[in-house]
Structure formats: C-alpha cells, structure tokens
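A closer look at the structure
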Amino acid sequence: MRAAIASSYEMLDDAHRAFFRRLAVFSDRWTLDMVAMVTDSAALGLEPIEPVEQLVDMGLVRVSPARPNDPDPEPRFNLLHVMREFATEELTTHEEHAATMQRLREWYMRLVSQAAQQAGSDEVIRWMDEVEVGYLDLRNLIRYALDRGDVITVWVMIAQLNTFWLLRGFRGEAMDW
C-alpha cells in the first residue's frame with residue numbers, strides 16, 4: 001500500500017507534493033478555506049481547489065460526507081489514515097511540520113476567538129457548530145502545544161473554548177485540560 005501511495009505522490013510536481021504533505025496536520029475534515037491557509041497554497045502558487053481536485057482524482061484525498069452539525073454546505077475533505085501517515089512522514093522529512101502546525105494554530109485561534117465573541121448572540125449555535133466540526137483538530141492542537149510547552153496557546157484555547165465546552169456538554173473534558 002505504501003508503495004502505491006509513494007508512486008502517486010512521486011507523480012505530483014513539487015508544489016502539489018508540498019500541498020499534500022501539509023494536509024497531514026488535519027486530524028479530521030477540512031474545508032478549502034482552511035486548507036488554503038494551513039497549506040499556504042498561495043505561496044505554492046496554487047488555488048486550493050485545483051490540487052484538492054487532483055488529489056481526489058488520484059485517490060490521495062477523499063470527499064467527506066456531510067454531517068448533521070455541519071454549519072454550512074461547503075464541501076469538506078479528509079485523508080484516510082494511511083494517507084495521513086505517509087503525508088506526516090513526508091512533512092517531517094521536509095522539515096515543514098512546525099511551520100504547518102503554526103498555520104493550523106493561527107486558523108484555530110481565529111476560529112475559537114470568533115466563536116467566543118458570539119457567546120451572547122443569535123449566531124452562537126452556528127459558531128459552536130463550526131468549532132465542533134474541527135474539534136478533533138483542536139484537541140490535537142492543544143496536545144501539540146502542551147507537548148512543546150506553548151502555555152500561551154493552551155491557555156488562550158482553553159479560555160476561548162470555555163463557552164463551547166459548557167454549551168456542548170464537554171465540561172469533563174474541559175476539566176481534564
């Protein structure tokens with residue numbers, strides 16, 4: 001299986017390879033807006049839809065079915081576990097993991113900040129849905145920050161997620177952090 005993935009990966013040009021390996025930081029589903037920022041597609045000279053379509057056609061990325069709590073109809077995508085493992089190895093080999101995680105951190109810091117600001121508004125449910133869609137990534141991002149001693153990220157995330165945890169019934173998890 002790994003050889004088949006490597007063969008497909010080698011068929012990509014350098015920009016598309018970088019785009020693919022940067023997808024490794026997503027634990028679950030992602031949107032085109034998310035992937036544009038996290039992969040830094042503009043710096044690669046790519047519009048996110050083009051490499052995503054190519055990677056879907058090659059079987060390296062899959063279109064993820066909509067879930068009931070999805071806040072919008074925007075398509076979401078993900079990597080199968082084996083693809084993610086391969087992409088992670090390549091991301092580490094190319095020494096891009098820290099920079100890609102930093103961009104993921106920036107995306108989620110902005111998201112949880114916006115969601116926290118909506119706590120008393122009519123938009124609170126939509127924002128909580130948006131946070132829940134990326135919750136697995138948020139958990140992994142907090143864990144990553146803890147492992148690296150990034151106390152500021154951990155504290156900001158915890159403070160911003162407080163309303164989410166309370167409204168969505170994750171109080172026990174909030175206490176664990």
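Quick caveat, the model's predicted, so the values are computed rather than measured.

**A closer look at the packing of helix α6 (residues 97–117) against helix α8 (residues 135–147)**
Relative placement of two packed helices is described by the angle separating their axes and the distance separating the axes. Between α6 and α8, the shortest axis-to-axis distance is 10 Å and the interhelical angle comes to 120°. Relative to α8, the element α6 is oriented oblique. Viewed along their axes, α6 and α8 form a crossing whose handedness is left-handed. Residue-level inspection shows His-97, Ala-98, Met-101, Leu-104, Arg-105, Tyr-108 and Val-112 of α6 in contact with α8, the latter providing Asp-137, Leu-138, Leu-141 and Tyr-144. Of the residues that constitute the contact of α6 with α8, the class distribution is eight nonpolar, one polar and two charged.

**Details of the packing of helix α3 (residues 32–39) against α6**
In contact at an axis separation of 8 Å, α3 and α6 are set at 135° when each is read in the N-to-C sense. Considered as vectors, α3 and α6 are oriented oblique to each other. Contact residues: α3 offers Asp-33, Met-34, Met-37, Val-38 and Thr-39, while α6 offers Thr-100, Arg-103, Leu-104, Glu-106, Trp-107, Tyr-108 and Arg-110. Its residues assigned to classes, the contact of α3 with α6 shows six nonpolar, two polar and four charged.

**Concerning the nonpolar core**
In this structure, Phe-20, Leu-23, Phe-26, Trp-30, Tyr-108, Met-157 and Leu-161 are the most contacted members of the largest nonpolar core, which totals 53 residues. Per-element tally for this core: the top contributor is α6, with eight residues. Dropping the residues within four chain positions of it, Leu-161 is found in contact with Val-112, Val-131, Leu-138 and Ile-142.

**Some thoughts on the packing of aromatic side chains**
This model, assessed by the stated rule, comprises eight aromatic pairs. Ring pairing ties together the aromatic residues Tyr-9, Phe-20 and Phe-86, which thus form one cluster. Geometry around Tyr-9 places Arg-17 over its ring, the cationic atom sitting 5.9 Å from the centre.

**Topic: the pattern of salt bridges**
Evaluated as defined, the whole model comprises 13 salt bridges. Between Asp-28 and Arg-67 there is a salt bridge, and its shortest N-O distance comes to 3.2 Å. In this pair, Asp-28 sits in the loop between α2 (14–22) and α3 while Arg-67 sits in the loop between β1 (62–64) and β2 (76–78), placing the two residues 39 residues apart along the sequence. Across the pair Glu-130 and Arg-76 runs a salt bridge whose closest N-O atoms are separated by 3.9 Å.

**Points about unusual backbone geometry**
Despite not being glycine, Asp-40 has its phi angle at roughly 55°, a positive value. You can see Asp-40 is positioned in the loop between α3 and α4 (49–58).

**Topic: the confidence of the model for the protein**
With 100% of its residues at a pLDDT of 70 or more, the protein has an overall mean of 92. Of all secondary-structure elements in the protein, the lowest mean pLDDT belongs to helix α10 (residues 171–176), at 77, while α2 reaches the highest, 98.

**Things to note about the environment of Ile-125**
Within the element layout of this structure, Ile-125 appears in helix α7 (residues 124–133). Judged by its relative accessible area of 52%, Ile-125 is exposed. Taking the C-alpha atoms as reference points, Ile-125 and Pro-51, separated by 74 residues in sequence, lie 32 Å from one another.

**Description of α4**
Restricting attention to buried positions, one finds in α4 the residues Pro-51, Val-52 and Leu-55. For α4, the arc enclosing every buried residue in end-on projection is 100°, short of the 170-degree limit, so these residues lie on one face. Tucked into the core, α4 has its buried residues touching α2, α3 and β2. Gly-59 sits one or two positions beyond α4 and adopts a positive phi of about 85°.

Cut-offs used in this document
- Residues numbered from 1 in each chain as written.
- Predicted model: local features only at pLDDT ≥ 70, side-chain atom pairs only at ≥ 80, totals over all residues.
- Heavy atoms only, no water.
- Axes fitted to C-alpha atoms, helices over the stretch in contact; angles between N-to-C directions.
- Helix = DSSP H or I, 4+ residues; strand = E, 2+ residues; numbered from the N terminus.
- Parallel < 35°, antiparallel > 145°, perpendicular 65-115°, else oblique.
- Left-handed = near helix turned anticlockwise from the far one by under 90°.
- Contact = heavy atoms within 4.5 Å.
- Nonpolar A, V, L, I, M, F, W, Y, C, P; charged D, E, K, R; others polar.
- Core = buried A, V, L, I, M, F, W, Y, C linked by side-chain atoms within 4.5 Å.
- Buried < 20%, exposed > 50% of the residue type's maximum accessible area, 1.4 Å probe, protein only.
- Phe/Tyr/Trp six-rings, centres within 6.5 Å; stacked < 30°, edge-to-face > 60°.
- Lys NZ or Arg CZ within 6 Å of the ring centre and 35° of its normal.
- Salt bridge = Lys/Arg side-chain N within 4 Å of Asp/Glu carboxyl O.
- pLDDT = per-residue confidence, 0-100.
- Arc of directions from axis to C-beta.

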